[in-house]
Amino acid sequence: MARIIAVVNQKGGVGKTTTAVNLTAALTELGRRVLLCDFDPQANATSGMGVDKNAASPNVYDVLISGADPKRAVAATPYGDVLPSNKALAGAGVEMIALPEREYLLKKALDVLSPGYDYILIDCPPSLELLTVNALCAAQSLLVPVQCEYYALEGLSDLLTTVRLIKRALNPSIALEGVLLTMFDSRTNLSLQVAEEVKRHFPGQVYAAVIPRNVRLSEAPSHGRPVTAYDSFSRGAEAYRALARELVSLHR
């Protein structure tokens with residue numbers, strides 16, 4: 001059965017999708033069977049893995065709302081498998097309200113797929129509404145990317161409050177997988193200060209691997225490839241490989 005990890009932070013622009021895509025590719029390089037579930041209506045993870053989000057059918061919306069077979073929705077790529085998304089998912093939060101066991105719709109779909117994988121990563125939307133609740137109910141743990149900038153910890157208390165509520169009422173087994181420092185620039189005092197502050201707030205839960213500011217990481221999505229395929233020797237690629245090795249060693 002797969003280890004299901006939600007990549008989540010309600011703050012936008014912190015590197016959630018970048019992390020989901022490149023960690024999927026790096027784990028696949030290590031020989032692990034990985035599925036990336038794109039649960040963001042923007043579908044950037046889908047296109048970042050080289051899948052046409054406009055042509056992907058069925059997709060995660062069809063699985064949740066129309067009862068499509070999750071196995072038919074999976075798209076295979078050289079960098080790992082993808083359960084694709086598109087803009088139709090934006091309305092799913094409203095449509096799900098009327099459905100029975102609405103918080104567990106994604107969990108039911110991923111339970112079908114889980115036996116075929118070692119890891120399932122869920123790229124979550126930058127909010128704490130019903131889509132994210134579904135992701136947290138489906139996941140065993142959450143990976144929280146935090147950018148090394150001034151407002152890094154802003155909103156994390158709201159996220160952790162939501163996680164506590166989910167743990168108490170809906171998914172007792174969910175835990176914090178780890179906190180990942182992103183957009184780190186060792187030349188600035190600010191990045192170093194933020195890193196220290198995050199480590200103080202989450203003692204023993206911050207990954208040793210740190211994701212640097214790297215232009216190759218920004219360029220790779222426009223080519224429909226993870227950075228490990230776009231520029232295999234870039235600092236960004238090496239950082240995500242280090243994260244993948246750390247994640248695998250923690251679960252060994």
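Look above for the structure.
Conventions we followed
Residues numbered from 1 in each chain as written. Predicted model: local features only at pLDDT ≥ 70, side-chain atom pairs only at ≥ 80, totals over all residues. Heavy atoms only, no water. Helix = DSSP H or I, 4+ residues; strand = E, 2+ residues; numbered from the N terminus. Rg over C-alpha atoms; globule rule 2.2 N^0.38 Å. Buried < 20%, exposed > 50% of the residue type's maximum accessible area, 1.4 Å probe, protein only. Contact = heavy atoms within 4.5 Å. Lys, Arg positive; Asp, Glu negative; His and termini not counted. Charge placed at Lys NZ, Arg CZ, Asp CG, Glu CD. Pairing = 2+ DSSP bridges. Axes fitted to C-alpha atoms, helices over the stretch in contact; angles between N-to-C directions. Phe/Tyr/Trp six-rings, centres within 6.5 Å; stacked < 30°, edge-to-face > 60°. Salt bridge = Lys/Arg side-chain N within 4 Å of Asp/Glu carboxyl O. Polar contact = N/O pair within 3.5 Å; in protein donor to acceptor, adjacent residues only side chain to side chain.

Draft legend 1. Quick look at the overall build of the chain. When you go through the chain residue by residue, the secondary structure sums to 12 helices and seven strands. A compact globule built from 252 residues would reach a C-alpha radius of gyration of about 18 Å, and the chain, at 17 Å, matches this within 12%. Projecting the C-alpha coordinates of the chain onto the three principal axes gives extents of approximately 50 × 40 × 35 Å. Looking at the chain as a whole, 54% of its 252 residues qualify as buried. Put simply, 79% of the contacts in the chain that link residues at least 6 apart link residues at least 24 apart. Averaged over its 25 positive side-chain charges, the chain has a centre that lies 3 Å from the centre of its 25 negative ones.

Draft legend 2. Seen up close, the sheet that holds strand S2 (residues 34–38). Pairing within the open sheet is mixed, and its seven strands lie in the order S3-S4-S2-S5-S1-S6-S7. With partners counted over all chains shown, the strands left at the sheet margins are strand S3 (75–77) and strand S7 (175–182), one partner each. On average, each strand axis in the sheet is inclined to that of its neighbour by 25°, with strand direction left out of account. The pairing of S2 with strand S4 (residues 80–83) spans three bridges and is classified as parallel. For Cys37, the partnering residue across the bridge sits in S4 and is Leu83. Against the sheet, helix H12 (residues 235–251) touches strand S1 (3–7), strand S5 (119–123) and S7, its axis set at about 160° to S7.

Draft legend 3. Examining the packing of aromatic side chains more closely. By the definition in use, this model includes one aromatic pair. A centroid spacing of 4.9 Å and a plane angle of 75° characterise the contact between Tyr150 and Tyr151, whose relative ring orientation is edge-to-face.

Draft legend 4. Representation of the pattern of salt bridges within the structure. By the definition in use, this model includes 12 salt bridges. A salt bridge links Glu101 to Lys108, with the nearest nitrogen and oxygen atoms 2.8 Å apart. Exposure remark for Glu101: the relative accessible area of 49% places this residue in the partly exposed category. Taking relative accessible area as the criterion, Lys108 reaches 41% and is therefore assigned partly exposed. Several salt bridges share partner residues, and in doing so they unite Glu29, Glu238 and Arg241 into one network.

Draft legend 5. Geometry of the environment of Ile65. Note that Ile65 resides in helix H3 (residues 60–65). Take Ile65: its relative accessible area is 22%, and that puts it in the partly exposed class. Apart from the residues within four sequence positions on either side, Ile65 is in contact with Ala92, Glu95, Met96 and Leu99.

Draft legend 6. Spatial organisation of the pairing of S4. In this structure, S3 lies alongside S4, joined through three bridges in antiparallel fashion. Each residue of the ladder has a partner; that of Ala76, found in S4, is Asp81.

Draft legend 7. Representation of the environment of Ser222 in the model. Within the secondary structure, Ser222 sits in the loop between helix H10 (215–219) and helix H11 (227–230). The spatial distance from the C-alpha of Ser222 to the C-alpha of Ser47 is 8.4 Å, given a sequence separation of 175 residues. Within the structure, the side chain of Ser222 is placed 2.7 Å from the backbone oxygen of Glu219, a separation counted as a polar contact.

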